[in-house]
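Structural overview
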Amino acid sequence: MTKSEAVALIGKGINSSDQPQHWADLGCGTGLFTEALADLLPAGSSITAIDVNRQHLPAIMGNAVSVQFKKADFVADELHEGLLNGILMANALHFVKDKIKLIQKLEQQFNSGAQFLVVEYDHSQANQWEPYPIPFTALKELFAGLGYNRIKKTGERQSVYGGNMYAAHISKN
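The rules behind the values
Residues numbered from 1 in each chain as written. Predicted model: local features only at pLDDT ≥ 70, side-chain atom pairs only at ≥ 80, totals over all residues. Heavy atoms only, no water. Axes fitted to C-alpha atoms, helices over the stretch in contact; angles between N-to-C directions. Helix = DSSP H or I, 4+ residues; strand = E, 2+ residues; numbered from the N terminus. Left-handed = near helix turned anticlockwise from the far one by under 90°. Contact = heavy atoms within 4.5 Å. Nonpolar A, V, L, I, M, F, W, Y, C, P; charged D, E, K, R; others polar. Salt bridge = Lys/Arg side-chain N within 4 Å of Asp/Glu carboxyl O. Buried < 20%, exposed > 50% of the residue type's maximum accessible area, 1.4 Å probe, protein only. Core = buried A, V, L, I, M, F, W, Y, C linked by side-chain atoms within 4.5 Å.

1. Here's the deal with the packing of helix α1 (residues 3-10) against helix α2 (residues 32-40)
- Two numbers describe how α1 lies on α2: the axes approach to 9 Å, and their chain directions differ by 65 degrees. In this structure, α1 meets α2 at a crossing whose hand is right-handed. For the pair α1 and α2, the contacting residues are Lys 3, Ala 6, Val 7, Leu 9 and Ile 10 in the first and Leu 32, Phe 33, Glu 35, Ala 36, Leu 37, Asp 39 and Leu 40 in the second.
- A per-class count over the contact of α1 with α2 returns 9 nonpolar, no polar and 3 charged.

2. Section: the pattern of salt bridges
- In the structure shown here, the tally under the stated rule is 7 salt bridges.
- For Asp 39, the salt bridge is made with Lys 3, and the minimal N-O distance between the two is 2.8 Å. With a gap of 36 residues between them, Asp 39 in helix α2 and Lys 3 in helix α1 connect regions that are remote in the sequence.
- Its salt-bridge partner being Asp 122, residue Lys 153 comes within 3.5 Å of it at the nearest N-O pair. Note that Lys 153 is positioned in strand β7 (residues 150-158) and Asp 122 in the loop between β6 (115-121) and α4 (136-145), a separation of 31 residues in sequence.
- We classify Lys 153 as partly exposed; its relative accessible area is 28%.
- It is possible to trace a salt-bridge network through shared partners that takes in Lys 3, Glu 35 and Asp 39.

3. So, the nonpolar core
- With 30 residues, the main nonpolar core has Met 89, Phe 116 and Leu 139 as its most contacted residues.
- A per-element tally of this core places α4 first, with 4 residues.
- In this structure, Phe 116 is in contact with Ile 87, Met 89, Ile 103, Leu 106, Phe 110, Phe 143, Tyr 148, Ala 168, His 169 and Ile 170, ignoring residues within four places of it in sequence.
- One finds Ala 36, Val 67, Leu 88 and Leu 117 within the second-largest nonpolar core, a separate group that totals 25 residues.

Geometry only, nothing functional implied.
Structure follows, in structure tokens:
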């Protein structure tokens, strides 16, 4: 996937604002979606990119958005990222067995109004690369059960591995 394809996939899930925002990208990998998010956030925003493997990401991306990398396991480790405006999980949630526990832990990171942006594959068949898949219908049920009332599919595209990928924006208000 190219950066422009990633921007197109997640772009409708970002609330437009002129005010700088602080986001975390959990399971950032090589930073493709970190870079896409940086292109969509206003100047002066910041992203903490978190992954279990050391990544070398530019300190500034997109619209003058600062990026800080943190080596951590976002499931097992405490994140201590200060107050966040949003959390991006692109192709990361399918590695999490206890999704409810993770979401409840992450909710403590928000300044006001939790806002998640999730990118996942829209199928339920587990495999070695996706041990705990979460199709969009299951994602809706998961977040609705935790009190989220805005769960919207904001993007969709064919996966090069077959099937569809989706992006979803989730918030309580």
